[in-house]
Amino acid sequence: MMHQSKSVTRYFLADRSIGVLQNSFALAGDYLSAAAFLGSIAMYFTQGMDSLFYAVATLLGWVLLLLFFSDKLRATGAFTFSDVINTSFNSRRLKVLSGVTSLLISIFYLLVQLVGASALLTLLLDLTFVSALLVISLLTLFIVLVGGMRATTFIQSIKALLLFLFAFTLLFLVLKRVNFSFEELFLRVAAVTSFDYLMPSSAISSGIEQISLILGLLLGLLGLPHILMRFFTVKNQSVALFSASGTTLLIAIFFILNLIIGFGAVVLLEGEQLTGGANMTLLHLASLLGGGLFQTILAILVLITVLAVISGIVMAASATVTHDLLPLLKTEQQLSEAWQLIIARLAVLIIFIFGAILAYFFREMNLAFLFGLAFSWVASAHFPVMLGRFYLKGYSEKGAFYALLVGTLGVLLFLIFSDTVWVDIFSFNSLYSYRSPTLFILPLTLAVLWLFRERKVGERESIS
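Quick caveat: nothing in here was measured; it's all calculated off a predicted structure.

Cut-offs and rules
Residues numbered from 1 in each chain as written. Predicted model: local features only at pLDDT ≥ 70, side-chain atom pairs only at ≥ 80, totals over all residues. Heavy atoms only, no water. Helix = DSSP H or I, 4+ residues; strand = E, 2+ residues; numbered from the N terminus. Buried < 20%, exposed > 50% of the residue type's maximum accessible area, 1.4 Å probe, protein only. Areas by Shrake-Rupley, 256 points an atom, 1.4 Å probe, with all protein chains shown as cover. Salt bridge = Lys/Arg side-chain N within 4 Å of Asp/Glu carboxyl O. Core = buried A, V, L, I, M, F, W, Y, C linked by side-chain atoms within 4.5 Å. Contact = heavy atoms within 4.5 Å. Patch = residues over 30% accessible without salt bridge, like charges linked within 9 Å, V, L, I, M, F, W, Y side chains within 5 Å. Expected span 1.5 Å × (residues − 1). Polar contact = N/O pair within 3.5 Å; in protein donor to acceptor, adjacent residues only side chain to side chain. Phe/Tyr/Trp six-rings, centres within 6.5 Å; stacked < 30°, edge-to-face > 60°. Lys NZ or Arg CZ within 6 Å of the ring centre and 35° of its normal.

A. Structural context of the overall build of the protein. When its secondary structure is counted, the protein shows 18 helices and zero strands. Looking at the protein as a whole, 58% of its 464 residues are labelled buried. For the protein, the computed accessible surface area is about 18400 Å², with 67% contributed by carbon and sulfur atoms.

B. The pattern of salt bridges, seen in detail. Counted under the stated rule, the structure contains three salt bridges. For Glu 397, the salt bridge is made with Arg 93, and the minimal N-O distance between the two is 2.8 Å. Pair noted here: Glu 397 is in helix H15 (residues 397–417) and Arg 93 is in helix H6 (residues 92–125), with a separation of 304 residues, a long-range link. For Arg 93, a relative accessible area of 34% puts it in the partly exposed group. One salt bridge in this structure joins Arg 188 and Glu 184, with 3.9 Å as the shortest N-O distance. Taken together, the positions of Arg 188 and Glu 184, both in helix H8 (residues 182–193) and four residues apart, correspond to about one turn of that helix. For Arg 188, a relative accessible area of 29% corresponds to the partly exposed category.

C. Geometry of the nonpolar core. Membership of the largest hydrophobic core comes to 147 residues, with the highest contact counts inside it found for Tyr 31, Leu 73 and Leu 282. Ranked by residue count, the leading element in this core is helix H12 (residues 281–329), at 21 residues. Leaving out residues up to four positions away in the same chain, Leu 73 has contacts with Leu 65, Val 84, Leu 228, Phe 231, Phe 232, Met 386 and Phe 390.

D. Representation of a nonpolar patch on the surface in the model. A cluster of nonpolar side chains, Val 130, Leu 346, Leu 349, Ile 350, Ile 353, Phe 354, Ile 357, Tyr 360 and Phe 361, forms an exposed patch at the surface whose accessible area comes to about 870 Å². Element by element, the count of residues in the nonpolar patch is highest for helix H13 (residues 337–361), at eight residues. With respect to the helices, strands and loops of the structure, Ile 357 is situated in helix H13. Taking relative accessible area as the criterion, Ile 357 reaches 47% and is therefore assigned partly exposed.

E. Spatial organisation of unusual backbone geometry. The backbone of Asn 90 shows a phi angle near 50°, a positive value even though the residue is not glycine. Looking at the element boundaries, Asn 90 is found in the loop between helix H5 (81–86) and H6. Although it is not a glycine, Phe 195 sits at a positive phi angle of roughly 70°. Counting through the fold element by element, Phe 195 comes out in the loop between H8 and helix H9 (207–220). Its relative accessible area of 54% is what places Phe 195 among the exposed residues.

F. How the structure looks around H15. The terminal C-alpha atoms of H15 lie 30 Å apart, and with 21 residues this matches the ideal 30 Å at 1.5 Å per residue to within 8%. Those residues of H15 not exposed but buried are Glu 397, Gly 399, Ala 400, Phe 401, Ala 403, Leu 404, Gly 407, Thr 408, Gly 410, Val 411, Phe 414 and Leu 415.

G. Quick look at the side chain of Ser 102. Along the chain, Ser 102 turns up in helix H6. Overall, Ser 102 belongs to the buried group, its relative accessible area being 1%. A distance of 2.9 Å separates a polar side-chain atom of Ser 102 from the backbone oxygen of Ser 98. With sequence-adjacent residues up to four places away left out, Ser 102 is seen in contact with Phe 81, Pro 225, Thr 320 and His 382.

H. Summary view of the packing of aromatic side chains. For the structure shown, the criterion picks out 22 aromatic pairs. Judged by centre distance (5.0 Å) and plane angle (55°), the ring pair of Phe 417 and Trp 422 falls under tilted. By relative accessible area, which is 31% here, Phe 417 ends up partly exposed. These aromatic residues form a ring-pair network of at least three members: Phe 68, Phe 69, Phe 383, Phe 390 and Tyr 391. Against the face of Phe 401 rests Arg 93, its NZ or CZ located 4.3 Å from the ring centre. For Arg 363, the ring lying beneath its charged end belongs to Tyr 360, and the centroid distance is 4.1 Å.

I. Summary view of the environment of Thr 305. You can see Thr 305 is positioned in helix H12. Residue Thr 305 is classed as buried on the basis of its relative accessible area, which comes to 1%. Placed 148 residues apart in sequence, Thr 305 and Ser 157 show a C-alpha to C-alpha distance of 10.0 Å.

See the structure below:
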């Protein structure tokens, strides 16, 4: 493993010096992205109760992260996800595969944020989508290339505080329109939508689809590279544990606010044509309730929110390239500190290019739905291997490698041949109706991990 200089550790992990309060808000900031705010409100507006599935499942994911992984992650002294699962083996092939999967997941999650930010800027400044995408990329590149993890953490913390302030303001304005009565709000939702929005929509009406979606959202959080990275930036295990506790509370509060704001949008924006598409529901609601100035301030805040989340994602992806993949290309001598930082910043640029290209092709899709796909990928590939790393007796290099390979390829193939890509993008005939892969791929990954575990001699003899 290539030695990481103090400058590289400072750039990526802020010298492992982040405290409980700041990390709690930074973690919340990392999670409260374009999908969590813009996408969830849009989904309440277009699909009603579907958005609550996303909220409850991911909130439970934070609880699982708190209980099972938060302190253990910091105890490993890891730099990246690859370090966590490969500590006992120092396997070259596992490091390559885990680095590549982390990079792909980060790029996919990045495209979700770029779509949200670009759509927002398109509405705010009347730009084309491509122009807005270019502006967002340049702004975020500046934050990441100049400030590193310290700047990213600071921005995440401040914007999380501001986001809560505006969410509470929106909550007040929505409730004011319904006489501060929750009963009146939901009765009006029922009247407007004939109770349809208080039930799962056709998109997840299938029990199998619901289970698969919930599994993906529940377990996907536990392996997202940019979330895991936050646990490597803190001082010790207790800070990691308390950070996860604080973040879980913040996320729970935010989802309650989203529920009221989202159904408020259903009632108050009924029948309106939304410029910028459904993903801009929140901005139209802000304009209705608080006027143009309030909408502009909220738009700027959400834009800062997305920029901060993008910064965290890109930091994690760049760390993967610099720490996991780069050392495998040069083993005879260590790269200098200056070269490590140059390559880290070059990786940021390349990652942005790939993310921007994908964002262009996925620009019309609901952000919360894309967010769910990213989670399902992590749940099917990263989570099982992490579970094995900490809790499976006989956890082996071969099991980790093949489980990660099966999970990643399985999800990619499932998504390519699902209606999400096969029909919506390529315009081919549908092969199957399911859109969430977790229920189908996760059992395969767990089975591979179990089959390739290392058995004791006595156990092998009894089996044979």
